[in-house]
Amino acid sequence: REIAVGELFQALEDPKIQAQEGAERLKVRSCKTGATGWVLAGAELKDWSLVSKLTSSASLHEGVGLEEPKELRKLDAGEQVELLAVPQVDEASGELRAKCRAL
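Residues numbered from 1 in each chain as written. Predicted model: local features only at pLDDT ≥ 70, side-chain atom pairs only at ≥ 80, totals over all residues. Heavy atoms only, no water.

A. Highlighting the pattern of salt bridges. Per the counting criterion, the structure on display carries three salt bridges. Arg73 is paired through a salt bridge with Glu79; the nearest N and O atoms lie 2.9 Å apart. Close ionic contact of Arg101 with Glu82 constitutes a salt bridge, the shortest N to O distance being 2.0 Å. Residue Arg101 is located in strand 11 (residues 100-102), and its partner Glu82 is located in strand 8 (residues 80-83); the two are separated by 19 residues in the primary sequence. Note on Arg101: relative accessible area 45%, which makes it partly exposed. (Salt bridge = Lys/Arg side-chain N within 4 Å of Asp/Glu carboxyl O. Helix = DSSP H or I, 4+ residues; strand = E, 2+ residues; numbered from the N terminus. Buried < 20%, exposed > 50% of the residue type's maximum accessible area, 1.4 Å probe, protein only.)

The following block contains the structure:
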């Protein structure tokens, strides 16, 4: 399958050069489905960073999957968070969520 634009995946190994094609390929795992495969290493890939800056305001909750998770506080646009785990899609809401710590 093709990886969707903006889809998150985890690199499982260092890039390898295929002798036949001369292209660098990277073994990855989809953060959404867990499927593994190979992608061409190139300019379209962006490194995932443990520290991210919010582009819009968001709420920081105490957990995921709870019926009514307690809101700990509001995060403002421009605030930085440290991601403590790979973001996952919350099946109940369909939203992308990540365990993080406000900096």
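Let's pick the thread back up.
B. A look at the side chain of Glu79. Looking at the secondary structure, you find Glu79 in the loop between strand 7 (71-75) and strand 8. A distance of 2.7 Å separates a polar atom in the side chain of Glu79 from the backbone nitrogen of Asp76. (Polar contact = N/O pair within 3.5 Å; in protein donor to acceptor, adjacent residues only side chain to side chain.)

C. Examining a nonpolar patch on the surface more closely. There is a patch of nonpolar side chains on the surface, built from Leu50, Val51 and Leu103 and spanning about 280 Å² of accessible area. For Leu50, the location among the structural elements is in the loop between strand 4 (36-40) and strand 5 (51-53). (Patch = residues over 30% accessible without salt bridge, like charges linked within 9 Å, V, L, I, M, F, W, Y side chains within 5 Å. Areas by Shrake-Rupley, 256 points an atom, 1.4 Å probe, with all protein chains shown as cover.)

D. Spotlight on the confidence of the model for the chain. Looking at the chain as a whole, its pLDDT mean stands at 78, while 82% of the residues score no less than 70. Averaged pLDDT values for the elements of the chain fall to 65 in strand 2 (residues 16-17) and rise to 91 in strand 7. (pLDDT = per-residue confidence, 0-100.)

E. Just the sheet that holds strand 5, in detail. Strand order in the open sheet formed by three strands is 5-8-11, with antiparallel pairing between adjacent strands. Bordering the open sheet on either side are strand 5 and strand 11, each of which pairs with just one other strand. Each strand of the sheet is rotated relative to its neighbour by a mean of 30°, with strand direction disregarded. As defined by bridge partners, strand 8 adjoins strand 11 across three bridges and the pair is classed as antiparallel. Of the residues in strand 11, the one forming a bridge with Glu82 is Arg101. (Pairing = 2+ DSSP bridges. Axes fitted to C-alpha atoms, helices over the stretch in contact; angles between N-to-C directions.)

F. Local environment of the environment of Arg29. When you line up the elements, Arg29 lands in strand 3 (residues 24-30). On the basis of relative accessibility, which here comes to 32%, the residue Arg29 falls in the partly exposed class.

G. Looking closely at the pairing of strand 8. Alternating residues of strand 8 divide into Val81 and Leu83, all buried, and Gln80 and Glu82, none buried. Bridge count between strand 5 and strand 8: three bridges; the pairing is antiparallel. Bridge pairing in strand 8 links Ser52 to Val81.

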